[in-house]
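# Report on the structure
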Amino acid sequence: VLMSIEDIAYRVLQSDRHYKSEHGFSIHVRDVVGRRLIQPTVTMRSGPAGTTIKLTAREGELSLDSATATLKLRMVDGRVEGDDDFQAIIPDEEVIPISLGNSLSEKDPSERSPSELPLSMISSQTIRQDANTHAIAGRIAAQRGFAMLTSRFDKLVGASQQISANELRSSRRRLTKLRTEPWRRWAWGFSCFCFVLVGGPLAMIAKTNDYWTTFGMCFLPTLLVYYPLFIVGLEQAKDGNIPPYGVWLGNIVLAFIGVGLMQRVRRY
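With that out of the way, let us pick up a nonpolar patch on the surface. On the surface, Tyr211, Trp212, Phe215, Phe219, Leu220, Leu223 and Leu224 cluster together into a nonpolar patch covering about 790 Å² of accessible area. Note on placement: Phe219 falls in helix 4 (residues 211–238). Look at Phe219 and you get partly exposed, because its relative accessible area is 37%.

As structure tokens, this is what we get:
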């Protein structure tokens with residue numbers, strides 16, 4: 001992903017003259033000649049306070065330093081403007097590093113969505129999240145027990161208890177998503193096999209060389225049956241209302257339909 005940022009930026013700048021990155025910076029240029037950026041304007045955020053910095057130059061050039069995860073901007077006759085009326089002139093040539101440190105690859109796994117984690121990491125994250133959930137539940141139980149023991153019943157409904165309850169709810173929800181994610185990926189992958197189970201027999205039953213008629217007969221069951229069942233099963237599994245394997249509901253129904261259609265075709 002990092003290695004492609006430089007090429008993506010140049011391609012977008014050549015076509016649209018502006019490029020906005022999810023890493024917190026944007027570039028506007030008047031023109032792109034080879035590797036030269038004509039009159040580039042770069043806006044980015046820097047520092048823990050999120051200070052906005054604006055860089056302008058007569059010309060510039062981008063290059064990626066993968067070792068330090070930075071995108072280097074070589075500026076010629078540049079100008080730097082920041083918050084609080086800060087200004088500086090760069091009369092000659094200067095290289096400005098643009099940090100890509102907030103990329104997905106450097107995020108802590110516990111802060112990433114389960115859908116962003118590789119399957120090899122989900123198991124360990126599930127164990128970690130389960131331990132964290134039990135720790136939060138134990139802390140809440142201890143706080144409530146101490147409040148009842150000391151007859152401080154106001155602590156049972158205070159703001160701290162509400163914060164702890166929200167934290168526990170959030171931890172349990174992420175744990176449920178982690179347990180559901182592997183089932184979702186396998187179900188999504190095997191959906192293609194279920195589509196073939198339905199589409200093959202339907203095409204034989206149609207007995208027509210009209211492509212659009214055959215496509216419609218195969219596509220409508222997928223659209224009207226599989227996707228609603230898959231979405232319902234996924235949302236219910238994420239909410240913990242059904243087991244994680246409930247995401248296979250759409251596949252199972254489609255497979256039964258496909259097997260029934262195949263039995264019908266085999267009669268002839």
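Following the structure, the description resumes.
Attention now moves to helix 2 (residues 119–149). Since the α-helix packs 3.6 residues into each turn, any two residues three or four apart lie on the same face. Over its 31 residues, helix 2 extends 45 Å from the first C-alpha to the last, a length consistent with the 45 Å expected when each residue adds 1.5 Å. Where helix 2 is concerned, the buried positions are Ile122, Gln125, Thr126, Gln129, Thr133, Ile136, Ile140 and Ala147. Positive phi appears at Ser151, one or two residues downstream of helix 2, with a value of about 60°.

Leu13, Leu37, Leu55, Leu62 and Leu73 are the most contacted members of the largest nonpolar core, which totals 23 residues. Counting residues per element, the ones that place at least two in this core are helix 1 (2–16), strand 2 (25–28), strand 5 (41–46), strand 6 (51–65), strand 7 (70–82) and strand 8 (86–99). Contact partners of Leu55, with chain neighbours within four places excluded, come to Pro40, Thr41, Val42, Met44, Leu73, Met75, Arg79, Val80 and Ile96. Tyr226, Leu234, Val247 and Leu254 belong to the second largest nonpolar core, which has 12 residues in total.

Scoring rules and cut-offs
Residues numbered from 1 in each chain as written. Predicted model: local features only at pLDDT ≥ 70, side-chain atom pairs only at ≥ 80, totals over all residues. Heavy atoms only, no water. Patch = residues over 30% accessible without salt bridge, like charges linked within 9 Å, V, L, I, M, F, W, Y side chains within 5 Å. Areas by Shrake-Rupley, 256 points an atom, 1.4 Å probe, with all protein chains shown as cover. Salt bridge = Lys/Arg side-chain N within 4 Å of Asp/Glu carboxyl O. Helix = DSSP H or I, 4+ residues; strand = E, 2+ residues; numbered from the N terminus. Buried < 20%, exposed > 50% of the residue type's maximum accessible area, 1.4 Å probe, protein only. Expected span 1.5 Å × (residues − 1). Core = buried A, V, L, I, M, F, W, Y, C linked by side-chain atoms within 4.5 Å. Contact = heavy atoms within 4.5 Å.

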